[in-house]
Amino acid sequence: MPELPEVEVTRRALAEELTGARIEAVVIRVPKLRLAIPSELVELLPGRMLRGVGRRGKYLLLSCGDGWLVIHLGMTGHLRVLPAGTPPGKHDHLDLVFSGDRCLRFNDPRKFGTVFWTTGDPHAHPLLVEIGPEPLGGDFSGDYLFSASRTRTVAVKQLIMKASVVAGVGNIYANEALFISGISPSRPAGSLSREECNRLASTIRTVLQKSIDQGSTIMDFRVAEEPLRYHPLAFRVYGRRGEPCFGCGGKLEEVRLGNRSTVYCPACQR
DNA sequence: AGAATTACCTGAGCGC
DNA sequence: TGCGCTCAGGTAATTC
């Protein structure tokens, strides 16, 4: 499942591979994602040059002439750059054919992804405008988290997964950051001390940054034919219910918060 | 306003 | 082998 680090690694690879290339054709095979792929892309995009690739949370922002193609990979979305003419497979919903006989192909089995076109400032688009600070940016800090959580009764894990509070923190990294911070995911957000908010914010930053750094070395999706899967041992708590805590050896437990699987160590996280 | 819930979708894993 | 079931989860929309 693409989390922020994969989206960032994808952004870098896309930028490196396709910046300056011209879109020659657009093929929409399956428009019916959760939000439909607009059919106008077929007329809108050809002839435009990809000027650069940005990111806001988990949204990829492809600067194309005077507008932006915005792509969200959802749960199972995946982008690959393939030689033009590569036969499409199952769930290959969208192709952007670029100059140099390259095809940017969007595949998404569960169709939770999103593709749309916007002109002007993409950050002002209704789907992006309410998003909170970037976790790796200067506006996200312990002080910010402290003030954003004061009146909140919801579990801290749900708070840090809320896009309007901080951008792009998904279930995996919420679990991991809370474990590393030693904070129980069920704690009411407003009960965290300033010191705990500092620790949590700082951990969110480092855990995401580390994953980006590692991903950058192994995720060469320009040649990869298959979506990269997480190594089962890559995480300290996520996916490890019932297994021993790496800190104390005790058994990791699972609760559901906001209908999301939450794994934690009852001894190490308070 | 904040919290809770639902909808969207298919592959994987399971019991039988 | 295959059927039916449950689970996984990001985000928008809806409801309370």
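Refer to the structure presented above.
Each value, and the rule that gives it
Residues numbered from 1 in each chain as written. Chains lettered and ligands numbered in written order. Predicted model: local features only at pLDDT ≥ 70, side-chain atom pairs only at ≥ 80, totals over all residues. Heavy atoms only, no water. Helix = DSSP H or I, 4+ residues; strand = E, 2+ residues; numbered from the N terminus. Expected span 1.5 Å × (residues − 1). Buried < 20%, exposed > 50% of the residue type's maximum accessible area, 1.4 Å probe, protein only. Pairing = 2+ DSSP bridges. Axes fitted to C-alpha atoms, helices over the stretch in contact; angles between N-to-C directions. Polar contact = N/O pair within 3.5 Å; in protein donor to acceptor, adjacent residues only side chain to side chain. Contact = heavy atoms within 4.5 Å. Salt bridge = Lys/Arg side-chain N within 4 Å of Asp/Glu carboxyl O. Near = heavy atom within 4 Å.

*Asks:* Report on helix H1 (residues 4–18), specifying residues and quantitative values.
*Replies:* The periodicity of an α-helix, 3.6 residues per turn, causes residues three or four positions apart to be oriented the same way. Between the first and last C-alpha of H1 there are 21 Å, a value that for 15 residues agrees with the 21 Å anticipated at 1.5 Å per step. Within H1, 11 of the 15 residues are buried, which leaves it mostly tucked inside the rest of the structure. All of the buried residues along H1 are Leu4, Pro5, Glu6, Val7, Glu8, Val9, Thr10, Ala13, Leu14, Ala15 and Leu18. Phi turns positive one or two residues past the end of H1, at Gly20, with a value near 95°.

*Asks:* Quick one: what's the story with the sheet that holds strand S2 (residues 50–56), residue by residue and with numbers?
*Replies:* Within the open sheet, the 4 strands sit side by side as S2-S3-S4-S8. Their pairing is antiparallel. Here the strands that pair on one side only, and so sit at the sheet edges, are S2 and strand S8 (114–119). In this sheet, adjacent strand axes meet at a mean angle of 20° when their direction is disregarded. In this structure, S2 lies alongside strand S3 (residues 59–64), joined through 6 bridges in antiparallel fashion.

*Asks:* I'd like a description of the side chain of Glu176, backed by residues and values.
*Replies:* Mapped onto the fold, Glu176 is located in helix H5 (residues 171–181). From its side chain, Glu176 meets the backbone nitrogen of Tyr238 in a polar contact 2.9 Å long. Once residues within four sequence positions are removed from consideration, Glu176 is found in contact with Val207, Phe235, Arg236, Val237 and Tyr238.

*Asks:* Can you explain the pattern of salt bridges? Please cite residues and give values.
*Replies:* One pass over the structure, following the stated rule, counts 15 salt bridges. One salt bridge in this structure joins Asp92 and Arg80, with 3.4 Å as the shortest N-O distance. Within this pair, whereas Asp92 is found in strand S6 (residues 92–98), its partner Arg80 is found in strand S5 (residues 78–83), the two being separated by 12 residues in sequence. The residues Asp92 and Arg80 share a single accessibility class, namely buried. Of the charged contacts, one joins Glu196 and Arg187 as a salt bridge, the two residues approaching to 2.8 Å between their closest N and O atoms. Across the pair, Arg187 and Glu196 agree in class, each one buried. Each of the salt bridges in this network shares a partner with another, and the network as a whole consists of Glu8, Arg11, Arg12, Arg55, Arg56 and Glu134.

*Asks:* Account for the pairing of S2, naming residues and giving values.
*Replies:* Every regular strand shows the same layout, with side chains that alternate between the two sheet faces. Here S2 lies mainly inside the structure; 6 of its 7 residues are buried. Connecting S2 to the antiparallel partner S3 that follows it, the hairpin turn spans 2 residues, and Gly57 within it adopts a positive phi of roughly 60°.

*Asks:* Give a description of the protein's contact with DNA strand C that names residues and reports values.
*Replies:* By nearness alone, 16 residues border DNA strand C, and Tyr59, His72, Arg110, Tyr238 and Arg260 come closest of all. Atoms of DNA strand C within 4 Å of the protein belong to the sugar or the phosphate in 61% of instances, the rest to bases. Within the side chain of Asn171, an N or O atom sits 3.3 Å from a phosphate oxygen of DNA strand C. The contact in question runs from a base nitrogen of DNA strand C to an N or O atom on the side chain of Arg260, over 2.5 Å.

That's the geometry; what it means functionally is another story.
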